Amino acid sequence: MTDPMQELAVPAASAVASPPVANPATAEADELVVAPQEGDERDSSFGDEDDWHSDTTSLASSIVKGRLENGRKYQSLREGEYWGPSDDKQFETMALSHLMYMILDSQQPNNLFHSPIGPNPQNILDIGTGDGTWAVEVADMFPSATVYGVDLYPPPAPWVPPNCIFQVDDVTREWTFRTKFDMIHMRELIGAFSPTELDKVYQSIYDNLQPGGWFEQLEADVRILSDDGSIKEDNVLAQWGPNFLACGERMGRPINAQETMRASFEKAGFTNIQEKLYKCPIGGWAKHKIYKDAGRVSKEHWKAGLEGWAMYLLTKFGAPQPWLPEEVLVYCAQMRQALDDRSVHGYHLTRRVWAQKPLE
Ligand SMILES: C[S@@+](CC[C@H](N)C(=O)[O-])C[C@H]1O[C@@H](n2cnc3c(N)ncnc32)[C@H](O)[C@@H]1O
């Protein structure tokens, strides 16, 4: 069988791809190759986790209860100001995305992060830690370090190593850490910050790093692309990304960090900036085993995440007017059906950027 995948064309970063399935990246990512055969795609074995605890504090019950809206639970610390749910379904989605990134970098010496912090870091911070998996795994990797995970909502982690501390806080407020960090990590915070808040968060990150400390960020692009024309412009998969980029603009909290974060690092004064662009296949269509495995997990991640990503954004910022919850559910069902179409070879981009606070 001939390989239908071609090398990607790479237009400028600022251009919104037209048609939307074209690759908007600025850096080269590996080529994805379609496999001739595809086996069973079901690979999700994540159960619900409905327990959590924090090492440091007891929490007001209103924070733990959160806020219910359209069948989903949202954090209540920053009332109405973060679009993502904080509930079991969304924690399952985060666990799947973590697994996908672990698989994609499974041949790297360290698939949790790329910053060269050496073997003896003392303090590490994970901003927007979500379900806390990354923080727990980094704490296991460096037993001598203290790893802090901060989020608006307590993570559901049923067991936390003694050197991992979860805190409920809003990182757009003043930071009160008494220690400086060897590394600060932030993953999938798209749509969390207005441009002003983002500048403030980057400044806090910079100020709270040791001289020579590292900041690392990883952000996905919400557009679903294909290199072989298998996603036509009228496909619901092709329209998903532009729909949500527009919602982010209307919300005043952009969700295109994949394209803009390198510039944010530069603006904040970081040096030694490095980056890696990933193509994350959606579905088990890729020939290479790592991409096939990552794609299977990614498809489950998308199916688990769709409703949580869409419900808040479309019922508040959908066009031409805010959508009804029922319309969002129908849209998600259409997306799930399209994701199951085996003739489609879709992927999304993710960018990882890591850089250093100057030594002086
Ligand atoms: C999409 S999740 C990603 C979670 C985790 N980093 C991961 O990669 O699985 C984004 C997380 O950032 C948190 N978040 C959003 N705004 C925040 C803020 N201002 N302060 C702290 N956490 C925030 C959300 O509550 C959510 O858990």
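Anything mentioned here points back to the structure above.
Computed from a predicted structure; not experimentally measured. (Residues numbered from 1 in each chain as written. Predicted model: local features only at pLDDT ≥ 70, side-chain atom pairs only at ≥ 80, totals over all residues. Heavy atoms only, no water.)

S.K.: I'd love a proper account of the nonpolar core, names of residues and values included.
M.R.: The biggest cluster of nonpolar side chains holds 62 residues, and the ones touching the most others in it are Ile184, Ile205, Phe215, Trp240, Phe244, Phe270 and Trp302. In terms of residues, this core owes the most to one element, helix α7 (residues 289–317), which gives 9 residues. Discounting chain neighbours no more than four positions away, the residues touching Phe244 are Val222, Ile255, Trp309, Ala310, Leu313, Leu314 and Tyr331. Tyr101, Ile103, Ile117 and Trp214 belong to the second largest nonpolar core, which has 43 residues in total. (Core = buried A, V, L, I, M, F, W, Y, C linked by side-chain atoms within 4.5 Å. Buried < 20%, exposed > 50% of the residue type's maximum accessible area, 1.4 Å probe, protein only. Helix = DSSP H or I, 4+ residues; strand = E, 2+ residues; numbered from the N terminus. Contact = heavy atoms within 4.5 Å.)

S.K.: How would you explain helix α3 (residues 133–141) if you had to name every residue and give the values?
M.R.: Burial in α3 covers these residues: Thr133, Trp134, Ala135, Val136, Val138 and Ala139. Structurally, α3 contributes buried residues whose contacts are with α2 (88–104), β3 (123–127), β4 (146–151), β5 (164–168) and β6 (181–187).

S.K.: Now, about the sheet that holds β5: what can you tell me, with residues and values included?
M.R.: Read from one edge to the other, the open sheet built from 7 strands follows the order β5-β4-β3-β6-β7-β9-β8, with strand pairing classed as mixed. Single-partner strands in this sheet number two, and they are β5 and β8 (271–281). Averaged over all neighbouring strand pairs, the angle between strand axes comes to 15°, with direction disregarded. As paired strands, β8 and strand β9 (residues 347–356) are joined by 9 bridges and run antiparallel to one another. Directly across from Pro281, in β9, lies its bridge partner Tyr347. Those strands touched by α7 are β8 and β9, and its axis lies near 80° from that of β8. (Pairing = 2+ DSSP bridges. Axes fitted to C-alpha atoms, helices over the stretch in contact; angles between N-to-C directions.)

S.K.: An account of the site of the ligand is needed here, citing residue identities and associated values.
M.R.: Near the ligand, the surroundings consist of 17 residues, among which Gly128, Asp151, Asp170, Val171 and Arg187 are the closest. One of the side-chain nitrogen or oxygen atoms of Asp170 is found 2.8 Å away from a nitrogen atom of the ligand. Considered class by class, the residues forming the shell around the ligand number 7 nonpolar, 4 polar and 6 charged. (Near = heavy atom within 4 Å. Polar contact = N/O pair within 3.5 Å; in protein donor to acceptor, adjacent residues only side chain to side chain. Nonpolar A, V, L, I, M, F, W, Y, C, P; charged D, E, K, R; others polar.)

S.K.: Run through the packing of aromatic side chains, naming residues and quoting values.
M.R.: Taken as a whole, this structure holds 21 aromatic pairs when the rule is applied. Judged by centre distance (5.8 Å) and plane angle (70°), the ring pair of Tyr148 and Phe177 falls under edge-to-face. In this pair, Tyr148 is assigned in strand β4 and Phe177 in the loop between β5 and β6, connecting sequence segments 29 residues apart. Taking the relative accessible area as the measure of exposure, Tyr148 reaches 14% and is therefore buried. The interplanar angle of 75° and the centroid separation of 5.8 Å between the aromatic rings of Tyr202 and Phe265 together place this pair among those described as edge-to-face. (Phe/Tyr/Trp six-rings, centres within 6.5 Å; stacked < 30°, edge-to-face > 60°.)

S.K.: Tell me what's going on with the pattern of salt bridges, and back it up with residues and numbers.
M.R.: Counting across every chain of the model gives 24 salt bridges. Across the pair Arg78 and Glu81 runs a salt bridge, and its minimum N-O distance is 3.7 Å. Since its relative accessible area comes to 10%, Arg78 is described here as buried. Exposure remark for Glu81: the relative accessible area of 32% places this residue in the partly exposed category. Between Asp293 and Lys289 there is a salt bridge, with its nearest N and O atoms 2.6 Å apart. Residue Asp293 and its partner Lys289 are both found in helix α7; the two are separated by 4 residues, about one turn of the helix. Several salt bridges share partner residues, and in doing so they unite Arg78, Glu81, Asp170, Arg173, Glu197 and Arg253 into one network. (Salt bridge = Lys/Arg side-chain N within 4 Å of Asp/Glu carboxyl O.)

No statement about biological role is implied by the geometric values presented.
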